[in-house]
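Report on the structure
Residue strings, one per chain:
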Amino acid sequence: MDRSYDATYYSKIGKAVVHVVAPSPMSSDEFEKRLREFHHTAWVVWNSLSVEERLKLNNEHGVR
């Protein structure tokens, strides 16, 4: 399978190689749809935390 990467970085420490793949061009409607899905998923994850965990995270990051 031929792979095309937008950038490749080689670690100066160890043997790590990081390939960066940019998303393909998309319409503004598709972008908005993906953004809504991203936000929805983030809220699902946030709401899966206990109240105590949420309060702790808010306090750690200065959110009131």
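Right, let's walk through the structure included here.

What counts, and at which threshold
- Residues numbered from 1 in each chain as written.
- Predicted model: local features only at pLDDT ≥ 70, side-chain atom pairs only at ≥ 80, totals over all residues.
- Heavy atoms only, no water.
- Helix = DSSP H or I, 4+ residues; strand = E, 2+ residues; numbered from the N terminus.
- Salt bridge = Lys/Arg side-chain N within 4 Å of Asp/Glu carboxyl O.
- Buried < 20%, exposed > 50% of the residue type's maximum accessible area, 1.4 Å probe, protein only.
- Pairing = 2+ DSSP bridges.
- Patch = residues over 30% accessible without salt bridge, like charges linked within 9 Å, V, L, I, M, F, W, Y side chains within 5 Å.
- Areas by Shrake-Rupley, 256 points an atom, 1.4 Å probe, with all protein chains shown as cover.

We now examine the environment of R36. With respect to the helices, strands and loops of the structure, R36 is situated in helix α1 (residues 28-48). Counting along the chain gives 16 residues from R36 to E52, while the straight-line C-alpha distance between them is 27 Å.

Here we take up the pattern of salt bridges. Pairing between side chains of opposite charge can happen when their charged atoms approach one another. By the definition in use, this model includes three salt bridges. Residue R34 is joined to E30 by a salt bridge in which the shortest nitrogen-to-oxygen separation is 2.9 Å. One end of the pair, R34, and the other, E30, are both in helix α1, four residues apart, so they sit about a helical turn from each other. In this structure, the salt-bridge partner of K56 is E60, at a minimum N-O distance of 3.8 Å. Placement of the pair is K56 and E60 together in helix α2 (residues 51-60), with a separation of four residues, close to one helical turn. A single burial state applies to K56 and to E60, both of which are exposed.

Right, let's talk about α2 for a bit. In terms of burial, α2 is a largely surface element, zero of the 10 residues being buried. Phi for G62, located one or two positions after α2, is positive at around 70°.

What follows concerns the pairing of strand β1 (residues 7-10). In this structure, β1 lies alongside strand β2 (residues 17-20), joined through four bridges in antiparallel fashion. The partner of T8 across the bridge, within β2, is H19. What sits between β1 and β2 in their antiparallel hairpin is a turn of six residues, with G14 showing a positive phi close to 85°.

Bringing a nonpolar patch on the surface into the picture now. Residues M26, F31, L35 and F38 make up a contiguous nonpolar surface patch of roughly 370 Å² in combined accessible area. Along the chain, F38 turns up in helix α1. By relative accessible area, F38 is classed as exposed at 56%.

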